[in-house]
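Here are the chains, one letter per residue:
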Amino acid sequence: MAQSLNARVDFVIDATSYSGLNSYGKIMIGDRAFEYYNNRKVEDYIQIPWENVDYVIASVMFGGRYIPRIAVRTRQGRDFSFAARKPRELLRAIRKYVPSDHMVRSLTLVGVLKKRLKERFKK
């Protein structure tokens, strides 16, 4: 059984985790950590203390009208991807604990292609 790291929970939302196989559960934003708990398997959980969160990356589409998923990058370089029912509210809850310069947009498809072309012609 997982023990929560948070003393106080600010926000809870239904979500999907894209770590390995997709799993459905809940994201809990609290005073000490970002936590994800699977609905079916109690042993399947992700707990990331705020000290270990390096960046929160949001995939933004259609000029900010649609946010399909977010990713949490840890200081160890590992990414955890999630999709939430109400991603704007989730990002607002995370903003209390992560500095605004560490909340970024992911590159679009065109941005990724431009970056790869520049790297290729730079060599």
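Everything below is about the structure printed above this text.
Residues numbered from 1 in each chain as written. Predicted model: local features only at pLDDT ≥ 70, side-chain atom pairs only at ≥ 80, totals over all residues. Heavy atoms only, no water.

(A) Fine view of the sheet that holds strand β5 (residues 53-61). The 8 strands lie next to each other as β4-β3-β2-β1-β7-β6-β5-β8, forming an open sheet whose pairing is mixed. Lying at the two open borders of the sheet, with one neighbouring strand each, are β4 (45-49) and β8 (103-105). When strand polarity is set aside, the average angle formed by the axes of neighbouring strands in this sheet is 30°. Summarising the sheet, strand β3 (residues 33-38) and β4 pair through 5 bridges and their orientation is antiparallel. (Pairing = 2+ DSSP bridges. Helix = DSSP H or I, 4+ residues; strand = E, 2+ residues; numbered from the N terminus. Axes fitted to C-alpha atoms, helices over the stretch in contact; angles between N-to-C directions.)

(B) Structural detail: the nonpolar core. Ranked by size, the top nonpolar core spans 25 residues in total, and within it I27, I29, F34, I70, F82, L90 and I94 carry the most contacts. Of all the secondary structure elements, the ones that give two or more residues to this core are β1 (9-17), β2 (23-30), β3, β4, β5, β6 (66-74), β7 (79-84) and α1 (87-94). Setting aside residues up to four positions removed in sequence, I70 forms contacts with I57, A58, F80, S81, F82, L90, L91 and I94. (Core = buried A, V, L, I, M, F, W, Y, C linked by side-chain atoms within 4.5 Å. Buried < 20%, exposed > 50% of the residue type's maximum accessible area, 1.4 Å probe, protein only. Contact = heavy atoms within 4.5 Å.)

(C) Broad picture of the packing of aromatic side chains. Taken as a whole and assessed by the stated rule, the structure comprises 5 aromatic pairs. With centroids separated by 5.2 Å and ring planes inclined at 50°, the aromatic side chains of F34 and F82 adopt a geometry described as tilted. Pair noted here: F34 is in strand β3 and F82 is in strand β7, with a separation of 48 residues, a long-range link. For F34, a relative accessible area of 1% puts it in the buried group. Through pairs of rings, three or more aromatic residues link up here, namely F34, Y36, W50, F82 and Y97. Cation over ring: R69 sits above Y18, and NZ or CZ is 5.4 Å from the ring centre. (Phe/Tyr/Trp six-rings, centres within 6.5 Å; stacked < 30°, edge-to-face > 60°. Lys NZ or Arg CZ within 6 Å of the ring centre and 35° of its normal.)

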